[in-house]
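Structural characterization, general
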Amino acid sequence: VPGVPGTEQPLPQLKDFLLVYNRMTELCFRHCVSNLNYRLLTGQEERCLEGCAGKLVHANHRLVRAYVGTMPSILQRRAQQLQEPPPAASTDPPAASGPGE
């Protein structure tokens with residue numbers, strides 16, 4: 001519920017989830033379903049879809065774990081970079097360019 005603290009849904013996360021889910025559904029459907037003449041899936045199509053979706057979900061979980069595992073070190077490096085003073089500007093005058101350069 002907008003305006004009530006703690007009740008707003010994380011819409012960007014939901015959108016990302018739905019995009020991944022829709023893409024996975026499309027990929028597996030195109031790979032596994034070959035006959036649209038029947039209302040129900042064949043046993044072979046069902047097994048293919050389960051395997052396809054399972055592999056994609058497993059791969060997604062591995063990616064998320066890797067992302068979560070690397071984020072602390074990335075954030076720490078960024079924080080250190082922000083705390084470092086900027087490099088001192090050179091006090092030497094710029095070199096004069098001669099004619100014909």
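Residues numbered from 1 in each chain as written. Predicted model: local features only at pLDDT ≥ 70, side-chain atom pairs only at ≥ 80, totals over all residues. Heavy atoms only, no water.

Attention now moves to the pattern of salt bridges. Should the charged atoms of two oppositely charged side chains come close, the side chains can pair. Tallying each qualifying case throughout the model produces 2 salt bridges. Its salt-bridge partner being arginine 23, residue glutamate 26 comes within 3.7 Å of it at the nearest N-O pair. One end of the pair is glutamate 26 and the other is arginine 23, both in helix α1 (residues 11-32) and 3 residues apart, which spans about a single turn. Note on arginine 23: relative accessible area 44%, which makes it partly exposed. Close ionic contact of arginine 30 with glutamate 26 constitutes a salt bridge, the shortest N to O distance being 3.2 Å. Here glutamate 26 and arginine 30 lie together in helix α1, a separation of 4 residues that amounts to about one turn. A single network of salt bridges, built from pairs that share partners, joins Arg23, Glu26 and Arg30. (Salt bridge = Lys/Arg side-chain N within 4 Å of Asp/Glu carboxyl O. Helix = DSSP H or I, 4+ residues; strand = E, 2+ residues; numbered from the N terminus. Buried < 20%, exposed > 50% of the residue type's maximum accessible area, 1.4 Å probe, protein only.)

Moving on, we come to the packing of α1 against helix α2 (residues 43-83). For any two helices packed against each other, one specifies the crossing angle of their axes together with the interaxial distance. With their axes 9 Å apart at the nearest point, α1 and α2 run at an angle of 145° to one another. The two elements α1 and α2 cross, and the hand of that crossing is right-handed. Contact with α1, carried on its side by Val20, Met24, Cys28, Phe29, His31 and Cys32, involves Glu45, Cys48, Leu49, Cys52, Ala53, Leu56, Val57 and Asn60 of α2 and no other residues of that element. Residue composition of the contact of α1 with α2, by class: 11 nonpolar, 2 polar and 1 charged. (Axes fitted to C-alpha atoms, helices over the stretch in contact; angles between N-to-C directions. Left-handed = near helix turned anticlockwise from the far one by under 90°. Contact = heavy atoms within 4.5 Å. Nonpolar A, V, L, I, M, F, W, Y, C, P; charged D, E, K, R; others polar.)

Time to look at a nonpolar patch on the surface. Among the surface-exposed residues, Leu11, Leu14, Phe17, Leu18 and Tyr21 lie close enough to one another that they form a single nonpolar patch of about 500 Å² accessible area. Inspection of the secondary structure puts leucine 11 in helix α1. (Patch = residues over 30% accessible without salt bridge, like charges linked within 9 Å, V, L, I, M, F, W, Y side chains within 5 Å. Areas by Shrake-Rupley, 256 points an atom, 1.4 Å probe, with all protein chains shown as cover.)

This next bit is on the nonpolar core. If you look at the biggest cluster of nonpolar residues, it comprises 6 residues: Met24, Cys28, Cys32, Val33, Leu49 and Cys52. Secondary-structure elements contributing two or more residues to this core are α1 and α2. Broken down by element, this core gets its largest block of residues, 3 residues, from α1. The contact partners of cysteine 52, leaving out residues within four places of it in the chain, are Cys28 and Cys32. (Core = buried A, V, L, I, M, F, W, Y, C linked by side-chain atoms within 4.5 Å.)

Take the packing of aromatic side chains next. If you walk through the whole model with that rule in mind, you get 1 aromatic pair. Between phenylalanine 17 and tyrosine 21, the ring centres sit 6.2 Å apart and the planes meet at 25°, which makes this aromatic pair stacked. Of this pair, phenylalanine 17 and tyrosine 21 both sit in helix α1, 4 residues apart, which is roughly one turn of that helix. The class of phenylalanine 17 is exposed, set by a relative accessible area of 52%. (Phe/Tyr/Trp six-rings, centres within 6.5 Å; stacked < 30°, edge-to-face > 60°.)

On their own, these measurements won't tell you what the molecule is for.
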